[in-house]
Amino acid sequence: MNSARRLALANFWVAFAAFGIAAVLGVWQMWARSPWQAPLHTPSNYFLSVTAHGVSMAYVLSTFFIMGFGYVVAETALKRPVPGIRWGWIAFWMATAGVLIADLAIFSGNASVLYTFYPPMTASVWFYIGLVLVVAGSWIWCVQMLVAMAQWKRANPGQPVPLAMFATVANAVLWLWTTVGVAAELLFQIIPMALGLVETIDVGLSRTLFSWTLHAIVYFWLIPAYIAFYTMAPQAAGGRLFSDTMGRLSFVLFLIYSLPVGLHHLFMDPEHAAGFKFLQSFLTILVTVPTLLTVFTISASMEIAGRMRGGKGWFGWIRALPWERPMVLATGLSFFMLWFGGGGGLINMSYGMNAMVHNTSWVTAHFHLIYGGTVVLMYFAIAYEVWPALTGRRFASNKPLRQQLWWWTIGMMVMTLPWHYLGLEGQWRRVAQFDYSDPHIAEWGPWVLVSLAGGVLLLLSALRFIVNLLSLHWRAPGEAPPPLEFARPAHEVTQVPAVLNGFSLWNLLVLILMAAAYGFPIGHALVERAPAAIVHRMGG
Amino acid sequence: MAARTEQDVVRIETRWALAMCGVVLVILAAILYASLRIHVNPPSNVELIDPKTLHLSDEFTEANLGTRVGPDGAIVARIVATQFEFVPRCVVLPAGRRVTLRFASPDVIHGILVSGTNVNTMVVPGYVSQVHTEFQKTGDLLMPCHEYCGLGHSQMLATVRVVPADRFKPDADGRVSCEQR
Amino acid sequence: MDAQARNNRRWIVASSVTVLALLGIGALLGLLIVPAVQGREAGLDPWTAFCRAVGVKPGVAPVAQPISDAVAAPVSEVAWSSEVLTALVHGDRNAGQALAKERCTACHGERGLSTDTQYPRLSGQSAAALYKQLRDYQTGARAHPMMTAVAQGLDETQVRNLAAYFAHGNSFASLGHPQPLQDYEMDRLVNRGVPDRGIPPCNACHGGGVGGPIETPTLGGQHREYLQRQLQLYASGERRNDVFGRMRNIASRLTPGEIKELAAYYEGWQPVEGELAAGR
């Protein structure tokens, strides 16, 4: 791990710095919503905080982490230097500048439009420019990943691309497709609005373009966690990957089915009718399949490890697994949270049930659990796994790492379970202040406090995570850590079908699926223009 | 069953994949049943309306807001969602009868849910949102704005007063309002 | 190698057929079958049901669309459009200034800074707010013995020019940053909101954020007597040109004491040094 080492570390640290700040803001927000008086509690500050927290966790933590991890995978799995390191640094600095510009806009109070931007409400143009720079930087990363895989395939004709890299490039391809929606929205609608070039905006079209990005982006976040499931967890457990082919299949299924489903975020919207909502609902059911396949394949892989360690009987292999290793522990905890988060997702996807929970705290609880819980926990585990290779030091003990993972899981469950319940009780979202003098709302108070307690534990875990990583930087170099290695499949793979080694067919299918699922909804809005709404600008 | 050979792995994985396809089919069947037998649909009314001239429109003019029994006998509640109030702030609807709620916004995105029911819809400027439902229980139901619409979002609340059908008495013009009670 | 090529082709064909078939089934169900079956119950023909499901006709397949026989009776005839808003930004300020000297300064003072507290200050007021009030005086949506006559003597271009001119005055309080209030109840009214009384914070609309309709006026630095009077007129319903009753509803929930205190608070709102009032 040489040429990309510093680049990976730079990306990781921006991600985790944003994460730490956002965690503090998150706890303040929970405090502000509770019956207890929070300091500096005004609607102005609250929505500023929600915007900052959302942007940091959803755009900064995720994108920079994925870029850093991508560099690590590219160099480790392909055993060659990452192409275009200079471009990688340009991308990094562009994206970091974007974060700083956007943050300046947010913290000066000129961008309280939340991370989902709510046109016709308009923030300062710098907020949007900052985010465009982040996305542009990430596009450079995508190209690097594609070039790395293409170069390797040329140097190794007919060979299967190592699974970790195949999945990383699948994610890069997914990201390129995903960002088209929000890029179109920003370039053609929002930025002209923010610059004062137009005074009205077609809100329905805006929401539709954003929905294109909104679901696929969560799979962009999720795929690195699944890369860890397939290629790092079995290795950490001392076993083998049950099936390399199923892994590839799962990743291509994510690629094709995470995109044409964004309308399920608009189930309750009036700008689309039942027909296309049903079609995209149907496609959403299909995107559950790769997760269902993954759960089995990874369990089977762990079973191999457990039995190799002497586990007997139906469940003995579970006990025999090396739970003291952070990656193994994280996989188990992540799967546990995946039950709840995934189950919640199935409910959201069924529009009859979605009507009960749309825009209630259930939704907030769901995505904190599935992203903050299942996915980010694996981000921690990945960081712990690659940090020795990146810093050249070993962890003195795994105990602080495991404790941090436990705190995170317990904190997440304690925070989100009452939140799910309150959502079913009708507690609605994005409220700066609840009226606890209303008896109906007063009943919610104790549960909000329980959630707050969970949030505090999460903050402590977040800070511990950062300290754990810093501790490696501060240690004196000692015995060199073992090199990073990815899991090998139980049965060696010498060749795979071309469709599971490249993306041409899948790109074509994505194009067809998107044309079918989004063609009419977007095309119709462009042809039969809905009456536009007046732009509401920040700062008057 | 132990997976000794690659064929074993393929066989086991295929079985699992088929089982998962079965799960998918069950979910699909449930949604189809709900759609075809009890007509569960997401809000599905694509009707354009100009937010800039909403106050000049026939249907959403101030005097026509609230609950009215129309000439065709349909019970319709018309509500405007605006920063930071619902107009009117309270509507009366009968229990046990099919009712329709229609919403429009002259400014930004809002959203509503009626507490304790599955009435839930976004209100997007440029479109009329429409929900058909039948209330089962009587009482005062909270209807908050559930989508971020600005700094006053937290105070944007309305009440849906569900009364027993025999106490739902429209006046000569077909209107019922909370103040009458 | 040939076996591999055959295997590759099998995978390509199988994947494509599966994905496209699934897409086809989903589209068939959602766009054709479900709407047609649902539509039958409501007596709809399949074509109308299909149009509704796709979204080219309003309504949902299983239910008839409600009809409305209402007639519009708007409280203000002013309708915003891209054209008007742009025109306000680019209005002729010089012509507006000349006109203002003739018709406005007698009551509203030099450059719109009135000294008589019954005439509101105009300098730095939002152009959209000025435009709307002048037009409402013209149409009778708002009535005042003197303003009605003045407004009815203006044409559309003159109204726009006046609005643009006054909006670029620089002595009115800017939409600056909210000042901290010592009194907790006042702070709730102005900054935090009072949910149990259904009162959003004044600054949510009047504080320069994204809240409130485009015609929201600037309040900071306005004569307190004028502000008090307008709130009282809204509370009694005598002034009713606020679209959808936004100010009428809020003002009727305030006590007379609160109206007085709010008027005093906004009069004393200090402009931020050097900042121009925002004119739209």
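Counting starts from 1 at the beginning of each chain's written sequence and moves along it residue by residue. To read the labels, note that chains go from A and ligands from 1, taken in the order they are written. Whole-chain, interface and lining totals are the exception, using all residues; otherwise, since this is a predicted model, local features are given only for residues with pLDDT of at least 70 and side-chain atom pairs are given and counted only at 80 or more. Where side-chain values are given, they derive from all heavy atoms of the structure, hydrogens and water being excluded.

On to the overall build of chain C, then. The helix and strand labels rest on DSSP assignments: H or I over at least four residues marks a helix, E over at least two residues marks a strand, and numbering proceeds from the N terminus. What chain C contains, in helices and strands, is 13 helices and zero strands. What you see in chain C, going N to C, is helices and strands ordered as α-α-α-α-α-α-α-α-α-α-α-α-α. Against the compact-globule benchmark of 19 Å for 280 residues, chain C has a radius of gyration of 29 Å, which places it well outside the compact range. Judged by the C-alpha coordinates and their principal axes, chain C covers about 95 × 55 × 45 Å. Using a 1.4 Å probe on the protein chains alone, a residue whose accessible area is under 20% of its type maximum counts as buried, one over 50% counts as exposed, and one in between counts as partly exposed. Classification of the 280 residues of chain C by burial places 52% in the buried group. Within chain C, contacts between residues at least 6 apart in sequence are counted, and of these 67% link residues at least 24 apart. Entry remark: accessible area of chain C is about 12,900 Å², with carbon and sulfur atoms responsible for 56%. Charge assignment in this entry is limited to Lys and Arg as positive and Asp and Glu as negative, and neither His nor the chain termini are counted. One atom stands in for each charge, and that atom is NZ of Lys, CZ of Arg, CG of Asp or CD of Glu. If the 27 positive side-chain charges of chain C are averaged to one point and the 26 negative ones to another, these points end up 7 Å apart. Each radius of gyration is computed over the set of C-alpha atoms, and the globule rule expresses the reference value as 2.2 Å times the number of residues to the power 0.38. Contacts are assigned to residue pairs with any non-hydrogen atoms lying within 4.5 Å of each other. To measure how exposed things are, a 1.4 Å probe is used in the Shrake-Rupley method; for residues, cover is taken only from the protein chains shown.

Before going further, it helps to examine the sheet that holds strand 10 (residues 157-163) of chain B. All names here are of chain B. Think of it this way: DSSP has to see at least two bridges between two strands before they count as a pair. Pairing is mixed across the open sheet formed by three strands, whose spatial order is 4-10-9. Single-partner strands in this sheet number two, and they are strand 4 (90-94) and strand 9 (139-144). Averaged over all neighbouring strand pairs, the angle between strand axes comes to 25°, with direction disregarded. Pairing between strand 9 and strand 10: six bridges, direction antiparallel. Residue pairing for strand 10: Gly 139 is matched across the bridge by Val 162. Only the contacting stretch of a helix is used when fitting its axis, a line to C-alpha atoms as for every element, and angles between N-to-C directions run 0 to 180 degrees.

To continue, consider the nonpolar core. Of all hydrophobic cores here, the largest spans 260 residues; its most connected members are A:Phe117, A:Phe127 and A:Trp387. Here this core gets 22 residues from one element, more than from any other, and that element is helix 2 (residues 43-78) of chain A. Contact partners of A:Phe117, with chain neighbours within four places excluded, come to A:Tyr59, A:Phe127, A:Tyr128, A:Leu131, A:Val182, A:Glu185, A:Leu186, A:Ile190 and A:Phe210. Counting 26 residues, the second-largest nonpolar core is a separate cluster that includes C:Leu88, C:Ala128, C:Tyr137 and C:Ala151. Among buried residues, those of type Ala, Val, Leu, Ile, Met, Phe, Trp, Tyr and Cys that are joined through side-chain atoms within 4.5 Å constitute a nonpolar core.

Attention now goes to the state of the cysteines. Here, a disulfide means two cysteine sulfur atoms that sit within 2.5 Å of each other. Counted according to the given criterion, the structure contains one disulfide over all chains. Between the sulfur atoms of B:Cys90 and its disulfide partner B:Cys178 the distance amounts to 1.8 Å. Taking the sign of the S-S torsion, about -80° here, the bridge from B:Cys90 to B:Cys178 comes out left-handed. With a gap of 88 residues between them, B:Cys90 in strand 4 and B:Cys178 in the segment after strand 11 (175-176) connect regions that are remote in the sequence. Comparing B:Cys90 with B:Cys178 shows no difference in burial state: the two are buried. The thiol of B:Cys145 is unpaired, and the distance to the nearest cysteine sulfur, on B:Cys149, comes to 3.9 Å. Unpaired in terms of disulfides, C:Cys107 finds its nearest cysteine sulfur in C:Cys104, a separation of 9.0 Å. With a relative accessible area of 28%, C:Cys107 lands in the partly exposed category.

In this section: the packing of aromatic side chains. Ring pairs are drawn from Phe, Tyr and Trp, using the six-membered ring of Trp, whenever the two centres fall within 6.5 Å, and their geometry is named by plane angle: stacked under 30 degrees, edge-to-face over 60, tilted for the rest. What the rule picks out here adds up to 51 aromatic pairs over all chains. Here A:Phe47 and B:Tyr148 contribute two aromatic rings whose centre-to-centre distance is 4.4 Å and whose plane-to-plane angle is 40°, an arrangement assigned as tilted. Placement of A:Phe47 in helix 2 and of B:Tyr148 in the loop between strand 9 and strand 10 is noted, with the two residues assigned to different chains. When its relative accessible area of 1% is taken as the criterion, B:Tyr148 is described as buried. Note on geometry: a ring has a charge over it if NZ (lysine) or CZ (arginine) is within 6 Å of the ring centre and within 35 degrees of the ring normal. When the ring centre of A:Trp407 is taken as origin, the NZ or CZ atom of A:Arg464, which lies over that ring, is 4.9 Å away.

Further remarks concern the confidence of the model for chain C. Residues and elements named next belong to chain C. Across the chain, each position has a pLDDT score giving the predictor's confidence in that residue, from 0 to 100. Per-residue confidence for chain C gives a mean pLDDT of 86, with 92% of residues at or over 70. Looking at the elements of chain C, mean pLDDT is at its lowest for helix 3 (residues 82-89), recorded as 88, and at its highest for helix 11 (residues 224-236), recorded as 95. Ignoring residues within four places in sequence, the model shows residues 271-280, a span with pLDDT below 50, making 32 contacts including any to other chains. Taken together, the chains of this predicted complex give a pTM of 0.93 and an interface ipTM of 0.92.

Residue and element names in this part refer to chain A. Relative orientation of the contacting elements helix 6 (residues 203-231) and helix 11 (residues 326-349) amounts to 125°, with a least axis distance of 11 Å. Regarding the angle of helix 6 to helix 11, the classification is oblique. As for the relative orientation of helix 6 and helix 11, their crossing is left-handed in sense. Here helix 6 contributes Tyr 226, Ala 228 and Phe 229 to the contact with helix 11, which in turn contributes Met 327, Thr 331, Ser 334, Phe 335 and Leu 338. When describing relative orientation, an angle under 35 degrees is termed roughly parallel and one over 145 degrees roughly antiparallel, while 65 to 115 degrees is termed roughly perpendicular and anything else oblique. Take the far helix as your reference; a near helix turned counterclockwise from it by less than a right angle gives a left-handed crossing, and one turned clockwise gives a right-handed crossing.

Right, let's get into the side chain of C:Asp136. Structurally, C:Asp136 can be placed in helix 6 (residues 127-139). Here the side chain of C:Asp136 touches C:Ser76 through a polar contact of 2.8 Å, side chain to side chain. Contacts described as polar in this section are N or O atom pairs within 3.5 Å, which, within protein, must combine one atom able to donate a hydrogen with one able to accept it, while residues neighboring in sequence count only if both atoms come from side chains.

Next up on the list: the packing of helix 1 (residues 2-41) of chain C against helix 2 (residues 46-54) of chain C. Residue and element names in this part refer to chain C. Direction vectors running N to C along helix 1 and helix 2 enclose 125°, while the axes themselves pass 8 Å from each other. In terms of their interaxial angle, helix 1 and helix 2 are classed as oblique. The handedness of the crossing between helix 1 and helix 2 is right-handed. Here Gly 30, Leu 31, Leu 32, Pro 35, Ala 36 and Gly 39 of helix 1 come into contact with helix 2, specifically with Ala 49, Phe 50, Ala 53 and Val 54. Looking at the contact of helix 1 with helix 2 residue by residue, the classes come out as eight nonpolar, two polar and no charged. Residue polarity follows a fixed list, in which Ala, Val, Leu, Ile, Met, Phe, Trp, Tyr, Cys and Pro are nonpolar, Asp, Glu, Lys and Arg are charged, and the others, Gly among them, are polar.

Right, let's get into unusual backbone geometry. Put simply, A:Pro119 and A:Pro120 share a cis peptide bond, and its omega is 5°. Take A:Pro120: it is sitting in the loop between helix 3 (85-107) and strand 1 (121-122). Residue B:Pro88 is bonded to the preceding B:Val87 through a cis peptide linkage, with omega at 0°. Mapped onto the elements of the fold, B:Pro88 is located in the loop between strand 3 (85-87) and strand 4. At A:Asn359, a position not held by glycine, the phi torsion is positive, near 60°.

Residue and element names in this part refer to chain A. Given a helix with a known number of residues, its expected span is that number minus one, times 1.5 Å. Between its first and last C-alpha, helix 8 (residues 244-257) extends 20 Å over 14 residues, near the 20 Å set by a 1.5 Å rise per residue. The buried fraction of helix 8 amounts to 12 of the 14 residues, a majority that puts the element mostly inside the structure. Residues of helix 8 that are buried: Asp 244, Met 246, Gly 247, Arg 248, Ser 250, Phe 251, Val 252, Leu 253, Phe 254, Leu 255, Ile 256 and Tyr 257. Residue Ser 243 occupies the N-cap position of helix 8, its side-chain oxygen lying 3.5 Å from the main-chain nitrogen of Thr 245.

The interface of chain C with chain B comprises 53 residues on the first partner and 47 residues on the second. A 1.4 Å probe defines the accessible area here, and the buried area is the portion of it lost by two parts on being joined, summed over both. Here chain C packs against chain B, burying approximately 3,900 Å² in sum over the two surfaces, 59% of which is carbon and sulfur. Throughout this description, the term salt bridge denotes a Lys or Arg side-chain nitrogen within 4 Å of a carboxyl oxygen of Asp or Glu. C:Arg248 is the salt-bridge partner of B:Glu62, the closest N and O atoms lying 3.1 Å from each other. Here chain C is connected to chain B by 18 residue pairs in polar contact (both at pLDDT 80 or more). Elements represented by at least two residues in the side of chain C that touches chain B include exactly helix 1, helix 10 (202-206) and helix 12 (246-251) of chain C. It is helix 1 of chain C that contributes the most residues to the side of chain C that touches chain B, five residues altogether. Residues belonging to the side of chain C that touches chain B are distributed by class as follows: 29 nonpolar, 13 polar and 11 charged.

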